[in-house]
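Understanding the architecture of this molecule
Now for the letters of each chain:
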Amino acid sequence: MKTANATTTNSQFPRTIDLLFINCHLATMVKGAYTIIKDAALGITGKKISWTGEQTNLPDNPEKLATQVIDCRNKWILPGFVDCHTHLVWAGSRSEEFEMRLNGARYEEIAQQGGGIASTVRATRAATKEDLFSQASKRMDTLLKQGITCVEIKSGYGLDLETELKMLSVIDQLNQAFPQQIEPTFLGAHALPKEFKDRSDAYVDLVTQTMLPRVKDQKIASAVDVFCEGIAFSKSQTRKIFKAATDMGFRVKLHAEQLSDMDGAALAAEFNALSCDHLEYLSSPGAQKMAEQDVAAVLLPGAFYFLKETKKPPIHLLRKLGIPMAISTDLNPGSSPIHSMTLILNMACLLFDLTCEEALAGATINGAKALGLEQTKGTLEVGKDADLVLWDINTPADLCYLIGTTPIEMVVISGKVQYTNP
Ligand code: NIG
Ligand code: FE
């Protein structure tokens, strides 16, 4: 484990501190390593972290330094989790399909027979905004209690203009109603809606010519995603959507090489994508291009587990090329109904062979990087957003090791305590 160094202890003391945590240990996750400060204190001024360091370096008695002091009794503070890939807004349930799969049906087969994403699309189209908001609110609340302080949410269960906008507007409402920062992503090209059967190019035209301009006008998405896959959109269709999106000023990201190698990663790199996600079938040239363009890899062990996949993403290659590896819940009703980042940490270690340190970097700084938020989120550093979690653990690796419990004490977002475990 790496321990504190001078760069994590800022010598200049802030003029005011609103909230000061004392008697804690920090895993700051600076540079994607634990970068631990033992016997530490952490100060927050307004919405930002204003001091980190060894407690003995505090210039005065804590009570004299801050408006509020929290004694952490030797517990650990880590950056809040950044969940960089979710489909958190949906209606209906896919538990019947889960049972079908247990009886031998495959995910692709269910999709081809009008189930899968299409079944969630039917339910989401039929749902009112209020219903969608209320169901998604429960999920947001669960994520908060799991230490997730920033979450990306995709549209993509509408697949028509009206429902895609409805989903993005619900995501916007959630952003107002919940303390977590939400990054909204437009995923109009998630699947081919049944009314465009055998006319996928026409649907791509609808996405590029009608949906994207409306999404742009309404300023309700910060990125554009596509599912590039045999059961979804081809590489050339993805290229068309990326071209239209980047021409309008959107950053792009891609569901790439999840079920087969579509050479999507190379395409994403060509468009300077924020991230390529899934990547089980990533090729060596694809990975090389990602590395050249500094595209983050988002690993989704929950979907791999839930779909009982056997082909793992090429972790050695990603590591060798120095590609930042993020991990995420991929919370969605079909392939990853998983609301727990600590479970995902464990899966990242045991299914994808990440070290605990890599997994924790994946859920914090590299998750932030996959959203283009690495300047403001993902580490405990002065000047960054005060999004952090106090954990009742003995070592950061406990977060990857313990299963079925969330040893959380407190969640702070933008400098405010948003949840305390009763
Ligand atoms: O990330 N791969 C495509 N999208 C989702 C699955 C969505 C669904 O099955 O509803 C995913 O795994
Ligand atoms: Fe996804």
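Within each chain, residues carry numbers counting from 1 in the order of the written sequence. Chain letters and ligand numbers both follow the written order, the letters beginning at A and the numbers at 1. Confidence filtering applies because this is a predicted model: local features only for residues at pLDDT of at least 70, side-chain atom pairs given and counted only at 80 or more, and all residues used for totals across whole chains, interfaces and linings. Heavy atoms throughout the structure, all of them, feed into the side-chain values; hydrogens and water do not.

All the domain ranges listed were derived from an automatic or database domain assignment. Taken domain by domain, the protein comprises domain 1 (17-79 + 380-420) and domain 2 (81-369). Listed as interface residues are 25 residues of domain 1 and, on the opposing side, 20 residues of domain 2. Put simply, buried area is how much 1.4 Å-probe accessible surface two parts lose in total, over both of them, once they are put together. Taken together, the two surfaces of domain 1 and domain 2 that pack against each other cover about 1900 Å², and 69% of this comes from carbon and sulfur. Any N or O atom pair separated by 3.5 Å or less is treated as a polar contact, with the protein-specific requirement of one donor-capable and one acceptor-capable atom, and with residues adjacent in sequence counted only for side-chain atom pairs. Taken together, the connections running from domain 1 to domain 2 amount to three residue pairs in polar contact (both at pLDDT 80 or more). Note on definitions: a residue-residue contact is assigned when non-hydrogen atoms from the two residues lie within 4.5 Å.

The next thing to look at is the coordination of the iron ion (ligand 2). Ideal coordination angles are 109.5 degrees for a metal with four donors arranged tetrahedrally and 90 or 180 degrees for a metal with six donors arranged octahedrally. Counted as donors are N, O and S atoms no farther than 2.8 Å from the metal, or 3.2 Å for Na, K and Ca; water is not among the atoms, and sites may therefore look incomplete. Protein coordination at the iron ion (ligand 2) comes from His85 (NE2), His87 (NE2) and His255 (NE2), with a distance range of 2.0 to 2.1 Å. In these descriptions, tetrahedral denotes four donors with every angle between 85 and 135 degrees, square planar four donors and octahedral six donors with opposite donors over 155 degrees apart and the rest between 65 and 115, and irregular any other case. Geometry at the iron ion (ligand 2) is tetrahedral, judged from the four donor atoms that bind it and their angles of 93 to 124 degrees at the metal. Binding-site remark: the iron ion (ligand 2) is held by donors from one chain whose sequence spacing is H-x1-H-x167-H. Here the residue His85 occupies a position in the loop between strand 5 (81-83) and helix 2 (95-102), and His255 occupies one in strand 9 (residues 251-256), the gap between them amounting to 170 residues. In terms of burial, His85 and His255 fall into one category: buried. Comment: elements are numbered from the N terminus, with helices defined as DSSP H or I runs of at least four residues and strands as E runs of at least two. Under the scheme applied here, a residue whose accessible area is under 20% of the maximum for its type counts as buried, over 50% as exposed, and between as partly exposed, the area being computed with a 1.4 Å probe on protein chains only.

Glancing now at the pattern of salt bridges. Whenever Lys or Arg places a side-chain nitrogen within 4 Å of a carboxyl oxygen from Asp or Glu, that contact is recorded as a salt bridge. In the structure shown here, the tally under the stated rule is 20 salt bridges. What you see here is one network of salt bridges that share partners, running through Lys48, Lys377, Asp385 and Asp387.

Near ligand 1 lie 15 residues; those nearest to it are Arg94, Tyr107, Tyr157, Gln258 and Ser335. Take Gln258: an N or O atom from its side chain is 2.7 Å from a nitrogen atom of ligand 1. Contact with the protein chains covers 100% of the free accessible surface of ligand 1, which is 330 Å². Because more than half of its atoms lie within 2 Å of the grid, ligand 1 is assigned to the largest cavity. Taken together, the residues of the shell around ligand 1 sort by class into four nonpolar, nine polar and two charged. By convention in this text, a residue qualifies as near a molecule or strand provided that one of its non-hydrogen atoms is within 4 Å of it. Computed with the Shrake-Rupley method and a 1.4 Å probe, the accessible areas treat only the protein chains shown as cover for residues. Whether a set of points on the 1 Å grid over the protein atoms alone is a cavity depends on a 1.4 Å probe fitting there but being unable to get out, while an open set qualifies as a pocket with protein on both sides within 12 Å along at least five of seven lines; lining residues are those with an atom within 4 Å of a point. Here the criterion for a molecule occupying a pocket or cavity is that more than half of its atoms lie within 2 Å of the pocket grid points. All amino acids are sorted into three groups, where Ala, Val, Leu, Ile, Met, Phe, Trp, Tyr, Cys and Pro are nonpolar, Asp, Glu, Lys and Arg are charged, and the leftover types, Gly among them, are polar.

Time to look at empty space enclosed by the protein. Grid points are joined across faces, edges and corners, and a volume is the space filled by probe spheres set on the points. In this structure the tally under the stated criterion is three cavities of 30 Å³ or more. Considering the residues around the largest cavity, the lining is formed by 14 residues, among which His87, Tyr107, His190, Asn332 and Ser335 are closest to the centre. When its residues are assigned to classes, the lining of the largest cavity shows four nonpolar, eight polar and two charged.

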